[in-house]
Amino acid sequence: MRSASFLYRRYSVVVLVAGLVVLMLAIYGAGRNQINDRFTQFISEKYEYRTDTDYINQHAGGVNSLEFVVVSGPNSVLANPFIASLSSAVEEIRDLSGVVSVLSITNVIERMNKLINTKEEILQIALSELQDNTLSEYFLVYEMSLPEGVDVDNLVDISKESTRLLVGTDMVDSRNLLELEQRIDSVLVEKMGDNVDFMSASTSTVISRIGFLAVVGGVFGAIAALLIISGMIGLLFRSWKIYLMATVINTIPVVMGFGIWGLTHAELGLNLSVSLGVAVGVIVDDTVHILHHYQRGLKDGMDRVAAIDWSMQQVTNAITMSTLVIITGFMPMLFSDYQVIHDNALMMIYIVAFAFIYDLLVLPAAIVFFSKKRESSDATKATSTPITGTFQP
């Protein structure tokens, strides 16, 4: 406590400048973060599931896929120009980066077209040249050739008004999956036209969006909680200055945590959607105790410097012990084989540690600095005030 008091009393400017420099670096780091998840890599490599999925992603086309339902409208999917347009879209989708396979009804039609026309020494007639009856016959032959218990429901619905488009990909990043989905949407719009409706129905993109919404919701929820809690602190102490101090000092540790994460990992995901809510409750507790004793010192007649000194004397030991207990409690979670638990614990340690440092040094240094500045301003005004009255010897 004495060393901390010495720093923020004697070197308040240095402490503030150092705190601002670190904060600017953290803001830069926070800006490097991107929302991204690798769901297949959430568990450690020592588990068989992880090694199997890694092998599939590297050698067998990947475990993720994007599924689309393409609706032909009132007409059947086994008719032109729908089949010709879908075939053109499938060919372009195959050329997209990250795509390893495409399953569509056009695969069946093209294969049957090639097999049936081989006898006539015609390798393949363009699908756009086939009549609707011919397309239906090709598909019927294929359906009847399937073994017992197997049907074509995986390709078309019973009414033949919609078909399934399955795109296999070796991508594991949720961010890349969503970008690939957008590119496929663009291709379908361009090739199929406005008269054909389609929608995404893949589990991979649903989970990816859940991660995105969880992070965004967690961040905005934490910001809203900080503002509301700081407002309640301001109302409790009946001081707008206390409200500003509480808002700033409670927000800084969160920014610092995201900044360090941006400099070391640069990716946010479902693994960090919970840690912010927990961290807010911890960092606010320390600030409330410091500001409560500080205002109490002011009410007892102390000046601002003496009040913050007395406040830190009262709460430093308790804050130190609670910080050590919290960090020690989260440290065993760093050895978890599940990445979500590990990352949550690491982010909590970052935020709690920076909250402790800024509460112990930067907050008192700011109060001391502005108190000295105000006292200097008051002294200057008193010196420059002209003395009026009559001189009497």
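A. Examining the overall build of the chain more closely. Counting its secondary structure elements, the chain contains twelve helices and six strands. Looking at the chain as a whole, 42% of its 393 residues qualify as buried. A separation of at least 24 residues holds for 76% of the contacts in the chain among residues at least 6 apart in sequence. For the chain, the exposed surface amounts to about 21500 Å²; the carbon and sulfur share of it is 60%.

B. Up close: helix α7 (residues 174-192). The first and last C-alpha atoms of α7 sit 26 Å apart over 19 residues, in line with the 27 Å expected at 1.5 Å per residue. For α7, every residue scored as buried is listed here: S174, L177, L178, L180, E181, I184, V187, L188 and M192. Taken together, the buried residues of α7 touch β2 (64-71), α4 (82-94), β3 (99-103), β4 (162-169), β5 (197-200) and α8 (203-237). Looking one or two residues past α7, G193 carries a phi angle of roughly 85°, positive in sign.

C. Just the packing of aromatic side chains, in detail. Throughout the structure, instances matching the rule amount to two aromatic pairs. Taking the centre distance of 6.1 Å and the plane angle of 90° together, the rings of F42 and Y338 count as edge-to-face. Of this pair, F42 sits in the loop between β1 (34-35) and α3 (48-59) while Y338 sits in the loop between α11 (304-330) and α12 (339-384), and the two are 296 residues apart along the sequence. F42 sits in the buried class, given a relative accessible area of 7%. What makes Y338 partly exposed here is its relative accessible area of 36%. Taking the centre distance of 6.3 Å and the plane angle of 40° together, the rings of F139 and Y142 count as tilted. Taken together, the positions of F139 and Y142, both in helix α6 (residues 132-145) and three residues apart, correspond to about one turn of that helix. A relative accessible area of 1% means that F139 is categorised as buried.

D. Here's a closer look at a nonpolar patch on the surface. Taken together, the side chains of V13, V17 and V21 define a hydrophobic patch exposed on the protein surface, amounting to about 250 Å² of accessible area. Examined against the element boundaries, V13 turns out to sit in helix α2 (residues 12-31). Overall, V13 belongs to the partly exposed group, its relative accessible area being 45%.

E. Main features of α3. Look at α3: 16 Å from first C-alpha to last across twelve residues, which is about the 16 Å you get at 1.5 Å a residue. Every buried residue of α3 is accounted for by R50, T53, D54 and N57. Take α3 and look down its axis: the buried residues cluster within an arc of 100°, on one side only. Turned more than 90 degrees away from the buried face of α3, the exposed residues are E48, Y55 and H59. A positive phi of about 90° marks G61, the residue just after α3.

F. Layout of the nonpolar core. One finds M256, W261, I283, I290, I308 and Y358 to be the most contacted residues of the largest nonpolar core, which totals 55 residues. Residue assignment for this core shows that the elements contributing at least two residues are α2, α8, α9 (240-264), α10 (275-299), α11 and α12. In terms of residue count, α12 provides more of this core than any other element does, 19 residues in total. If you look at the next biggest cluster of nonpolar residues, it comprises 37 residues, including I83, I93, V108 and F139.

G. Spotlight on the sheet that holds β5. Spatially, β3-β4-β2-β5 is the arrangement adopted by the four strands of the open sheet, whose pairing is antiparallel. Whereas interior strands pair on both sides, the edge strands pair on one side only; in this sheet they are β3 and β5. On average, each strand axis in the sheet is inclined to that of its neighbour by 20°, with strand direction left out of account. Across four bridges, the pairing between β3 and β4 is antiparallel. Looking across to β4, one finds that S101 is bridged to G168.

H. Here's a closer look at the confidence of the model for the chain. Per-residue confidence for the chain averages 80 on the pLDDT scale, and 88% of its residues sit at or above 70. In this model residues 387-393 is a low-confidence stretch, pLDDT under 50, and it forms zero contacts with partners more than four residues away in sequence or in other chains.

I. Structural context of unusual backbone geometry. Even without glycine at this site, K160 takes up a positive phi of about 60°. If you trace the backbone, K160 turns up in the loop between α6 and β4. A positive phi is found at A266, a non-glycine position, where the angle reads about 65°. In this structure, A266 sits in the loop between α9 and β6 (267-268).

J. Representation of the side chain of S174 in the model. Looking at the element boundaries, S174 is found in helix α7. If we ignore the near neighbours within four places in the chain, the residues touching S174 are N36, D37, F39 and S208.

K. Examining the packing of α7 against α8 more closely. The contact between α7 and α8 brings their axes to 9 Å, and the two run at 120°. Between α7 and α8, the crossing angle belongs to the class labelled oblique. Relative to α8, α7 is oriented so that their crossing is left-handed. Here α7 contributes S174, L177, L178 and E181 to the contact with α8, which in turn contributes S204, T205, S208 and R209.

L. Spatial organisation of the pattern of salt bridges. Per the counting criterion, the structure on display carries ten salt bridges. One salt bridge in this structure joins R209 and E181, with 2.7 Å as the shortest N-O distance. Of this pair, R209 sits in helix α8 while E181 sits in helix α7, and the two are 28 residues apart along the sequence. In the salt-bridge network here, residues are joined through shared partners; they are R38, D173 and E267.

So, how was this worked out
Residues numbered from 1 in each chain as written. Predicted model: local features only at pLDDT ≥ 70, side-chain atom pairs only at ≥ 80, totals over all residues. Heavy atoms only, no water. Helix = DSSP H or I, 4+ residues; strand = E, 2+ residues; numbered from the N terminus. Buried < 20%, exposed > 50% of the residue type's maximum accessible area, 1.4 Å probe, protein only. Contact = heavy atoms within 4.5 Å. Areas by Shrake-Rupley, 256 points an atom, 1.4 Å probe, with all protein chains shown as cover. Expected span 1.5 Å × (residues − 1). Phe/Tyr/Trp six-rings, centres within 6.5 Å; stacked < 30°, edge-to-face > 60°. Patch = residues over 30% accessible without salt bridge, like charges linked within 9 Å, V, L, I, M, F, W, Y side chains within 5 Å. Salt bridge = Lys/Arg side-chain N within 4 Å of Asp/Glu carboxyl O. Arc of directions from axis to C-beta. Core = buried A, V, L, I, M, F, W, Y, C linked by side-chain atoms within 4.5 Å. Pairing = 2+ DSSP bridges. Axes fitted to C-alpha atoms, helices over the stretch in contact; angles between N-to-C directions. pLDDT = per-residue confidence, 0-100. Parallel < 35°, antiparallel > 145°, perpendicular 65-115°, else oblique. Left-handed = near helix turned anticlockwise from the far one by under 90°.

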